[in-house]
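So the chains spell out like this:
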Amino acid sequence: MSKEKATSTSNKNKQGKNTDSNTDASVAAGGELHQLAGGAHPALTTNQGVVLSDNQNSLRANARGPTLLEDFILREKITHFDHERIPERIVHARATGVHGYFELTASLKKYTSAKILTEVGEKTPVFTRISTVAGGAGSVDTPRDVRGFAVKFYTKEGNWDLVGNNVPVFFIQDAIKFPDLIHAVKMEPDRGFPQSATAHDTFWDFISLTPESMHMVMWIMSDRTLPRSLRMIEGFGVHSFRLINEAGETTFVKFHWRPKLGLQSTIWDETVKISGADQDFHRRDMFDAIAAGNFPEWEFSVQLFTQRDADRFPFDHLDATKLISEELVPLQVIGRMVLDRWPNNFFAETEQVAYCPSHVVPGIDFSNDPLLQGRLFSYLDTQLSRLGSANFHQIPVNAPKCPFANHQRDGHMQMAQPAGRVAYEPNSLSENSPRETPKGFHSAAVTETGEKGRIRAESFADHYSQARQFYLSQTTYEQAHIASALVFELSKVEHLHIREAMVGHLRHIEKDLAQRVAAGLGFDKMPDAPVAAAPVQKMAPSPALQTIGKMKDTLMGRAIGILIADGSDGAVIKKIKKAATDAGASVKIIAPKVGGAKLADGTMLAADGQLAGTPSVLFDAVAIILSDESAKALSVESAAIDFVRDAFAHLKAIAADQGGQALLKRAHVGQDAGVVDTSDIDAFITAAKTRQWDREKSVRALA
Ligand code: HDE
């Protein structure tokens, strides 16, 4: 007995020093902290504030006997643990959330009374959550998927949630189709896979029977859905909204976010390998950037147009499968968003944040887009099920930062303690209870006429024209990626009739695309095209729809990996590191052992990553600095061979010294303008700012 007691005490002594300052925050809500005599740590307590003397052993009848039901400490701890999870979001479960601020740089006073859009220079706190759509909360960061781009503005006039995506259009026109779309894309219900992938039968079955989704299909098969970093994606409000000014006049508006770092995507083969190398690639990238003080920034722009303008568009702006090109309505930059603070606690903030498109402020209102109209119902409803209470607005990340008061009362987990006798309005019993205010929220005074019914407007019938415009606006490299993505995805579809139906739709979009995909799928005969509900219009190409065209000529936000081993030249490593860092890149040293390598001059250089666990897919460009001897040793090491072969195949710049060149040769890596000698560091830095697009035809056959 006494021996066992001694063991438990020694466990406790092994605890070590706890330097986690978050302990304060988690106990603070409970009031005064119990202080251990003479210690700096707060006392560990139950949720009722009872100080614990033993957190290592449950209460037992004897040293080797049964555990007692009486152990309220064990039961409280385990019960809380059992309920740690809440239902994950049915869509957009996997995400990264960051705090920051929005600053208005140009006033929209002519169009809206909303202070957030009229008070230039005002900084409004925001919480931004960027997500994938299809996968569960524990899925990888880098599937081919749309990214959600949700911003909660804590304005002086209430919370405004702009719940958008990184693609400006959507799959469907009417909210009633959303559950079908999501059931089709999610893992198939009988087998429970695939997780977060569109490359399966049920998705393409639904899509092939839903012609309105063709424009969105072009976007998701493009490189937009393979972002290099969440700091390098655009955001779109998607729907038309309305602005209302002091005089009650309304103007339509579309909202856009543009990343300061420009757009960048990865190559499909690279994306697949990133998923294995680092499942948290995007979350880690954002975390590291915030920790390093490299705060991501987006420009905020609007497209403003009147009903009269809209009447002249060759499509209906209320149809969320259509976009308004920049050529038709130019973007006006009105502000910027900077994300600069990682949440204290992932669950409390990123998981519990509750966005609702219905959260708008006076001066902003909705359009009749039938998809948006459905969303106005869905999000509030989903919060009730996920967060379990109509009081979800009291959770700190959801609470407005302006005063709020009303007569809503009680409910699950009520945190407030409203005083007084009156909980209704109007009343004559209270001097200071909240009252309605004429300057409060007003809906746009819009006249609605026409026949009620389950009707799809004629103006929503054109499903192919903008899909065609998107495809024809891309660079030839991007067109090849779209065709190849379709071949890849449809090759995973088991049912031939679904593959054929899809190629039939592509015939309406662009003959060349249909032929490339048909050839890639091994069809010897072109399938029939379905009947189009409206003629395909010829629309002028819009270069703003490209991804490559929006890549910035910079190393800011990018990462360079330097592969070294024993005997590497320290002076060359230093020079490359400095040039890359000066150009704004982050640099990591990779060596066969994480402890580092002994350089030619005898000094040790510690590594940031071990070769086997740090493949080149994690970098935008690489340098290979090796002694002849190390190059020889690494030429029989598959991780080293993959490192250089993948860097080349993923169109990255490679700098190599003599030893590096020897490794490239042994790995059968070719030579082109993107493979440079370490003596020409400027050439390396220039090449590292882009991808070697022309190389692609030499490394893979694209459709
Ligand atoms: Fe969502 N969507 N959605 N959605 N959506 C949700 O709300 C829904 C749509 C978007 O980071 C859910 O809180 C319907 C378009 C984002 O927390 C749910 C329809 C766009 C996020 C829901 C759509 C989006 C969601 C799940 C068709 C781009 C994540 C959890 C009418 C403009 C927000 C939740 C976050 C989340 C419903 C279509 C974007 C179920 C019914 C179009 C970024 O309420």
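Before reading on, note that the structure itself is shown above.
Just so you know, these numbers come straight off a predicted model, no measurement behind them.

A.B. asks: Could you clarify how one ought to interpret the overall build of the protein chain in this entry?
C.D. replies: In terms of regular secondary structure, the protein chain is built from 21 helices and 18 strands. Summarising its shape, the C-alpha atoms of the protein chain cover approximately 90 × 85 × 55 Å along the three principal directions. Within the structure as shown, the protein chain displays about 34,100 Å² of accessible surface, and the carbon and sulfur contribution to it stands at 53%. Taken together, the 77 basic and 84 acidic charged side chains of the protein chain have centroids lying 2 Å from each other.

A.B. asks: Even after reading the chapter, I still don't get the site of the ligand, so can you show me in this structure?
C.D. replies: Close contacts around the ligand come from 23 residues, with Arg89, Arg129, Ser378, Tyr379 and Gln383 the closest. In this structure, an oxygen atom belonging to the ligand sits 2.6 Å away from a side-chain N or O atom of Arg129. Interatomic distance of 3.0 Å between a side-chain N/O atom of Gln383 and an oxygen atom of the ligand. Of all elements in the fold, only β3 (147-155), β4 (158-165) and α11 (370-387) reach the threshold of two or more residues within the shell around the ligand. No other element matches α11, which puts 6 residues into the shell around the ligand. Here the shell around the ligand is composed, by residue class, of 12 nonpolar, 8 polar and 3 charged.

A.B. asks: Explain empty space enclosed by the protein here, please?
C.D. replies: The gaps of empty space that remain are located by a probe, the size of a water molecule, rolled over the atoms. What the rule picks out here adds up to 6 cavities of 30 Å³ or more. Estimated volume of the largest cavity: approximately 170 Å³. Lining the largest cavity are 20 residues, and of these Pro168, Phe236, His256, Leu323 and Ile324 sit closest to its centre. No other element matches the 4 residues that strand β7 (residues 250-259) contributes to the lining of the largest cavity. Looking at side-chain class alone, the lining of the largest cavity contains 9 nonpolar, 5 polar and 6 charged residues.

A.B. asks: How should the nonpolar core be read in this particular structure?
C.D. replies: Taken as a class, soluble globular proteins show a tendency for nonpolar side chains to be buried jointly. Ranked by internal contacts, the top residues of the largest apolar core, which has 52 residues, are Phe171, Trp204, Ile207, Met218, Leu486, Leu513 and Val517. Of all elements in the fold, only α4 (178-185), α5 (201-208), α6 (214-220), α12 (465-473), α13 (476-491), α14 (496-509) and α15 (511-520) reach the threshold of two or more residues within this core. Setting aside chain neighbours within four positions, we find Met218 in contact with Ala467, Phe470, Tyr471, Ile482, Leu486, Leu506, Ile509 and Leu513. Judged by nonpolar contacts, the second largest core, of 36 residues, contains Phe102, Ile116, Trp160 and Trp257.

A.B. asks: How do you make sense of helix α19 (residues 658-666) when you look at a structure like this?
C.D. replies: At 3.6 residues per turn, the α-helix brings residues three or four places apart onto the same side. If you check which residues of α19 are buried, you get Gly659, Gly660, Leu663 and Leu664. Down the axis of α19, the smallest arc covering the buried residues is 145 degrees, so these residues share one side. Along α19, the residues that are exposed and aim more than 90 degrees away from the buried face are Gln658 and Lys665. For α19, the elements touching its buried residues are β11 (559-563), β16 (621-624), α17 (628-634), α18 (638-649), β17 (653-656) and β18 (675-677). Positive phi shows up at His668, right after α19, with a value of about 60 degrees.

A.B. asks: Would you take a moment to explain the coordination of the iron atom of the ligand for this structure?
C.D. replies: The textbook angles at a metal center are 109.5 degrees for a tetrahedron of four donors and 90 or 180 degrees for an octahedron of six. No other protein atom reaches the iron atom of the ligand as a donor apart from Tyr379 (OH), found 1.8 Å away. Examined against the element boundaries, Tyr379 turns out to sit in helix α11.

A.B. asks: Would you take a moment to explain the state of the cysteines for this structure?
C.D. replies: One way to say it: the disulfide is the covalent bond shared by the sulfur atoms of two cysteines. The tally for this structure, following the rule as stated, stands at 0 disulfides. Of the cysteine sulfurs around Cys356, a residue in no disulfide, the closest is that of Cys402, at 16 Å.

A.B. asks: What exactly am I supposed to notice about the pattern of salt bridges here?
C.D. replies: A side chain with one charge can pair with a side chain of the opposite charge if their charged atoms come near. The final tally for this structure, using the stated rule, is 36 salt bridges. A salt bridge links Arg94 to Asp280; the nearest nitrogen and oxygen atoms lie 2.8 Å apart. Of this pair, Arg94 sits in the loop between α3 (72-82) and β1 (95-104) while Asp280 sits in the loop between α7 (268-277) and α8 (281-291), and the two are 186 residues apart along the sequence. When its relative accessible area of 29% is taken as the criterion, Asp280 is described as partly exposed. One continuous salt-bridge network, built from bridges that share partners, spans Arg228, Arg231, Glu270, Asp285, Asp620, Lys652 and Arg691.

A.B. asks: Got a minute to help me understand the side chain of Arg691 in this structure?
C.D. replies: Position of Arg691 among the secondary structure elements: in the loop between α20 (681-688) and α21 (696-699). When its relative accessible area of 3% is taken as the criterion, Arg691 is described as buried. Within polar-contact distance, the side chain of Arg691 engages the side chain of Glu270 at 2.9 Å. Looking at Arg691, its side chain comes within polar contact range of the main-chain oxygen of His650, at 3.2 Å. Residues contacting Arg691, with those up to four places away along its chain left out, are Gln264, Ser265, Ile267, Glu270, Met551, Asp620, His650, Leu651 and Lys652.

Scoring rules and cut-offs
- The residue numbering used here restarts from 1 in each chain and proceeds along that chain's sequence as written.
- Where totals are concerned, whole chains, interfaces and linings use all residues; where local detail is concerned, this predicted model gives features only for residues with pLDDT of at least 70, and gives and counts side-chain atom pairs only at 80 or more.
- Hydrogens are left out, water is left out, and the side-chain values use all remaining heavy atoms of the structure.
- Note on conventions: DSSP H or I runs of at least 4 residues are helices, E runs of at least 2 residues are strands, and numbering of each starts at the N terminus.
- For the accessible areas, the method is Shrake-Rupley and the probe is 1.4 Å, while residue cover comes only from the protein chains on display.
- The charged-residue count follows a simple rule in which Lys and Arg add positive charge and Asp and Glu add negative charge, with His and chain termini not counted at all.
- In this description, the location of a charge corresponds to atom NZ of lysine, CZ of arginine, CG of aspartate or CD of glutamate.
- Distances are taken per atom, and a residue is near a molecule or strand as soon as one of its heavy atoms is within 4 Å of it.
- In the analysis that follows, any N or O atom pair within 3.5 Å is treated as a polar contact, provided that within protein one partner can donate a hydrogen and the other can accept it, and provided that, for residues neighboring in sequence, both atoms belong to side chains.
- Lys, Arg, Asp and Glu make up the charged group, whereas Ala, Val, Leu, Ile, Met, Phe, Trp, Tyr, Cys and Pro make up the nonpolar group; the residues left over, Gly among them, are polar.
- Think of a 1 Å grid over the protein atoms and nothing else: a 1.4 Å probe that fits but is trapped marks a cavity, an open set flanked by protein within 12 Å on at least five of seven lines marks a pocket, and residues with an atom within 4 Å of a point count as lining.
- Grid points are joined across faces, edges and corners, and a volume is the space filled by probe spheres set on the points.
- The set of buried Ala, Val, Leu, Ile, Met, Phe, Trp, Tyr and Cys residues whose side-chain atoms join them within 4.5 Å is what this entry labels a nonpolar core.
- Burial classes: relative accessible area under 20% of the type maximum marks a residue as buried, over 50% as exposed, and values in between as partly exposed (1.4 Å probe, protein chains only).
- In what follows, a contact means two residues having at least one pair of non-hydrogen atoms within 4.5 Å.
- Arc, as used here, means the arc of the directions from the helix axis to the C-beta atoms.
- Donors, by definition, are the N, O and S atoms found within 2.8 Å of a metal, the threshold being 3.2 Å for Na, K and Ca, and water is not counted, so a site can look incomplete.
- We call a pair of cysteine sulfur atoms a disulfide when they lie within 2.5 Å.
- Salt-bridge detection follows one rule: a side-chain nitrogen of Lys or Arg within 4 Å of a carboxyl oxygen of Asp or Glu.

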